[in-house]
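# A closer look at the structure
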Amino acid sequence: MSDLASREHEPDSLILRAAPYVSRSLTTPRLMTEVLIALVPVVAAAVVFFGPSALLVLAASTLGSVLAEWAFGGRRGFAAAFRDGSAPLTGLLLGLTLPPAIPLWMAVLGGAVAIALGKTVFGGLGQNVFNPALVGRAFLQAAFPTVLTTWSPPAGEATPWLAWRATNFAFPFLSRPGVDAVTAATPLSLAKFQGVTTAVPSLLSGHTAGSLGETSAGLLLLLGLVMAVRRLFDWRIPLAILLAVAAFGGLLHVLLPARCPSPLFLLFSGGLLLGAVFMATDPVTSPVTPRGAWVFGAGIGVLVVLIRLFGGLPEGVMYAVLLMNAMVPHVDRWTQPRPFGRGRAA
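As the structure is a computational prediction, the values presented were derived from the model and not from experiment.

With that out of the way, let us pick up the overall build of the chain. For the chain, the helix and strand inventory stands at 15 helices and zero strands. Counting across all 346 residues of the chain, residues that qualify as buried make up 49%. By sequence separation, contacts in the chain at least 24 residues apart represent 75% of the contacts at least 6 residues apart. Of the roughly 17,200 Å² of accessible surface on the chain, 68% is carried by carbon and sulfur atoms.

This brings us to empty space enclosed by the protein. If you walk through the whole model with that rule in mind, you get three cavities of 30 Å³ or more. The space that makes up the largest cavity amounts to roughly 70 Å³. As for the largest cavity, its lining consists of Thr 186, Pro 187, Leu 203, Thr 208, Ala 209, Gly 210, Glu 214, Thr 215, Phe 268, Ser 269 and Gly 270. Tallied by class, the residues present in the lining of the largest cavity amount to four nonpolar, six polar and one charged.

Moving on: the packing of helix 4 (residues 86-96) against helix 6 (residues 132-143). Between helix 4 and helix 6, the shortest axis-to-axis distance is 8 Å and the interhelical angle comes to 45°. Classified by the angle between their axes, helix 4 and helix 6 sit oblique to one another. Considering the relative orientation of helix 4 and helix 6, their crossing is right-handed. Facing helix 4, whose interface residues are Thr 90, Leu 93 and Leu 94, helix 6 presents Pro 132, Ala 133, Gly 136 and Arg 137. When its residues are assigned to classes, the contact of helix 4 with helix 6 shows four nonpolar, two polar and one charged.

Let us now look at the layout of surface pockets. Taken as a whole, the largest pocket spans an internal volume of roughly 820 Å³. Taken together, 34 residues form the lining of the largest pocket, with Leu 31, Thr 281, Asp 282, Pro 283 and Val 284 sitting closest to its centre. Only helix 2 (28-50), helix 4, helix 6, helix 11 (236-255) and helix 13 (272-279) provide two or more residues apiece to the lining of the largest pocket. Partitioned by chemical class, the residues of the lining of the largest pocket number 20 nonpolar, eight polar and six charged. In this structure, the second largest pocket encloses a volume near 510 Å³. Around the second largest pocket, the lining comprises 29 residues; the ones closest to its centre are Arg 137, Trp 151, Ser 211, Glu 214 and Glu 315. Within the residue set of the lining of the second largest pocket, elements represented by two or more residues are helix 6, helix 8 (187-194), helix 13 and helix 15 (317-334). Taken together, the residues that form the lining of the second largest pocket break down as 14 nonpolar, twelve polar and three charged.

Rules of the game
- Residues numbered from 1 in each chain as written.
- Predicted model: local features only at pLDDT ≥ 70, side-chain atom pairs only at ≥ 80, totals over all residues.
- Heavy atoms only, no water.
- Helix = DSSP H or I, 4+ residues; strand = E, 2+ residues; numbered from the N terminus.
- Buried < 20%, exposed > 50% of the residue type's maximum accessible area, 1.4 Å probe, protein only.
- Contact = heavy atoms within 4.5 Å.
- Areas by Shrake-Rupley, 256 points an atom, 1.4 Å probe, with all protein chains shown as cover.
- 1 Å grid on protein atoms, 1.4 Å probe; cavity = no way out; pocket = protein on both sides within 12 Å on 5 of 7 lines; lining within 4 Å.
- Points joined across faces, edges and corners; volume = space filled by probe spheres on them.
- Nonpolar A, V, L, I, M, F, W, Y, C, P; charged D, E, K, R; others polar.
- Axes fitted to C-alpha atoms, helices over the stretch in contact; angles between N-to-C directions.
- Parallel < 35°, antiparallel > 145°, perpendicular 65-115°, else oblique.
- Left-handed = near helix turned anticlockwise from the far one by under 90°.

Any functional reading would require information beyond the geometric quantities listed.
Written as structure tokens, this is what we have:
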């Protein structure tokens with residue numbers, strides 16, 4: 001009894017804490033850092049495929065995001081723009097969705113808009129409705145449609161790997177930067193407007209025209225598996241996207257073989273894997289319920305197929321993710337699990 005009484009008076013013998021009792025050590029800065037590390041192979045592949053100009057575009061978009069984060073951060077110092085890692089990650093993701101020959105000032109502008117309109121106007125990190133990187137991409141798509149739909153071939157085909165792309169250094173509003181010396185069609189453009197499908201091995205390797213970070217489907221698929229194992233996102237979302245594209249695209253391929261390519265082509269072409277792994281899985285703009293994750297991913301997959309086949313543009317990942325971002329509050333409400341022991345509402 002004396003030992004028990006002595007332990008009762010010890011300050012650390014009894015610790016009372018409120019639920020929940022199980023917590024993860026994955027904080028917001030650590031999550032952002034993990035995703036930035038996962039993007040390093042994607043950046044390296046962009047440099048290998050498109051030359052050193054890729055680094056300039058990625059640096060420009062990241063600079064725009066960081067400067068906007070600093071400008072809207074009040075009295076905080078410039079270092080605070082890097083504190084949680086969200087601004088550099090937003091700028092880098094935006095840069096990976098851009099063409100390699102885009103003028104650098106447009107990349108900076110897109111990064112600034114991504115932070116200003118995609119995050120700050122909603123109240124800051126954790127309160128934004130739409131994926132900020134895709135908001136910046138949508139702004140550039142609407143403001144400069146010619147530039148955002150003009151693609152350059154990989155380095156080595158028409159230009160040396162070390163050659164700089166002249167359009168990167170175009171002055172703002174003083175020239176026509178959308179016209180490059182050498183242009184190329186993406187696999188989705190070839191399939192939609194010319195009826196020519198690119199071989200799956202070429203899509204997996206990444207030696208095709210397209211955005212900086214979307215060409216190598218094999219690399220993106222591998223990174224998605226690694227990130228899912230490390231629990232950096234809800235694995236249900238990308239899996240639902242891929243299953244919906246495969247199922248819906250396969251059905252349309254059977255019904256409309258002349259118009260709809262094979263499901264494998266739909267899965268490995270364009271920015272589907274980049275969007276499924278790095279955009280749709282944003283924890284702020286995706287559902288929190290397990291059933292909601294399946295609904296959210298399936299909706300993105302169906303919209304991607306519909307836009308690609310029946311829309312005016314060959315690609316639809318950006319619009320599909322943004323549209324489903326707007327539906328997240330409703331999806332969470334519709335898929336909220338019942339409280340334990342309570343019956344269904346009449």
